[in-house]
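# Residue-level structure breakdown
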Amino acid sequence: MVVKVYGKAQAVCPQRVMHCLMEKGVPFELVHVDIDTMEHKRPEFLQKQPFGQVPYIVDGDLELFESRAIVRYLAAKYADRGPNLLGRTPEERAKVEQWLDVEAINYNPWAFPIVFNLLVLPIRGLPANEAEAGAAVDKLNKVLEVYEKQLSKTKYLAGDEFTLADLTHIPATRYIVENCGLSHLLDDKKHVKAWWEDITARPAWKKLSSFVETGGSNYSP
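One structure accompanies this document, and this report is about it. Since we're looking at a predicted model, the values are computed, not measured.

### Regarding the packing of aromatic side chains
Taken as a whole and judged by the stated rule, the model has 10 aromatic pairs. Judged by centre distance (6.2 Å) and plane angle (65 degrees), the rings of Phe51 and Phe65 are edge-to-face. Separated by 14 residues along the polypeptide, Phe51 in the loop between α2 (43–46) and β3 (56–59) and Phe65 in strand β4 (residues 62–65) bring together distant segments of the chain. Among the aromatic residues, those joined into a cluster by ring pairs are Trp99, Tyr107, Tyr147 and Trp195.

The structure is reproduced here in structure tokens:
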């Protein structure tokens, strides 16, 4: 039985989960949830994800929501497949967890309003809050200055191997760089830019990008 991912292919959090599955070479089915028509707020969906967000997954008897919890679970369950995404020692795992928290607490709160205001709302034909987006850009730039210092010392955020700490950043940052006209946030930071070019060149990410662009619904390595 393949893993079922309930969400929209273009949405950031489902992409985070699908990328992890592709890194691990785990087959999955994407079950489309139409968030544009608020399907994720309907009672039947809320029974599975009580906060009305995508994605959630079904893996056998397990139902799980929250994308960062899901990728942790997948990386642990399929530790013997693909790259080691959680670290090899308690110390390495702690560093991965540290930067996963940084992404969730310090990075995403500014990345989200940028993508929402400069990409999602215009697609829906709705006005953006330019002031909110501008403030978020300033805040995110300061966060990326911290990243620049870290990446001057290590190839990846948690050390010298690609891990979930890096993976979780990719979907939202891709939209910021490619769709929101903000590539300069990375371009003027030597080590951040090198890190970004490295992690987005990964075969699994390229597979996911093609999967999304072609409207894929089933993945088999």
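### A few points about the pairing of strand β1 (residues 3–7)
When you tally the buried positions in β1, you get 4 out of 5 residues, the bulk of the element. As paired strands, β1 and strand β2 (residues 28–32) are joined by 5 bridges and run parallel to one another. Bridge pairing links Tyr6 to Val31 in β2. This β-α-β element, β1 to helix α1 (residues 12–24) to β2, shows right-handed connectivity.

### Description of the sheet that holds strand β5 (residues 218–219)
Spatially, the 5 strands line up as an open sheet ordered β4-β3-β1-β2-β5, and their pairing is mixed. Sheet topology places β4 and β5 at the edges, where each strand pairs with a single neighbour. Bridging between β3 and β4 involves 4 bridges; their strand directions are antiparallel. Looking at the pairing, Val58 lines up with Glu63 of β4. Strands β3 and β4 of the sheet are contacted by helix α3 (residues 67–77), whose axis makes an angle of about 135 degrees with β4.

### Here we look at the environment of Thr163
Secondary-structure assignment places Thr163 in the loop between α5 (130–151) and α6 (164–167). Look at Thr163 and you get buried, because its relative accessible area is 4%. Here Thr163 is in contact with Asn84, Leu85, Val96 and Ala158, once residues within four sequence places are set aside.

### Description of unusual backbone geometry
Of note, the amide linkage connecting Val54 to Pro55 takes the cis form, showing an omega dihedral of 5 degrees. At Met38, a residue that is not glycine, the phi angle is positive and equals roughly 65 degrees. Along the chain, the position of Met38 falls in the loop between β2 and α2. In this structure, Glu66 takes a positive phi of about 80 degrees despite not being glycine. Tracing the backbone through its elements, the reader meets Glu66 in the loop between β4 and α3. Taking relative accessible area as the criterion, Glu66 reaches 35% and is therefore assigned partly exposed.

### Re α3
Among the residues making up α3, those that are buried are Ser67, Arg68, Ile70, Val71, Leu74 and Ala75. The buried residues of α3 occupy an angular sector of 155 degrees when the element is viewed end-on, so they sit on one face. As for α3, its buried residues are in contact with α1, β3, β4, α4 (90–123) and α6.

The rules behind the values
Residues numbered from 1 in each chain as written. Predicted model: local features only at pLDDT ≥ 70, side-chain atom pairs only at ≥ 80, totals over all residues. Heavy atoms only, no water. Phe/Tyr/Trp six-rings, centres within 6.5 Å; stacked < 30°, edge-to-face > 60°. Helix = DSSP H or I, 4+ residues; strand = E, 2+ residues; numbered from the N terminus. Buried < 20%, exposed > 50% of the residue type's maximum accessible area, 1.4 Å probe, protein only. Pairing = 2+ DSSP bridges. Right-handed = clockwise from strand over helix to strand, strands pointing away. Contact = heavy atoms within 4.5 Å. Axes fitted to C-alpha atoms, helices over the stretch in contact; angles between N-to-C directions. Arc of directions from axis to C-beta.

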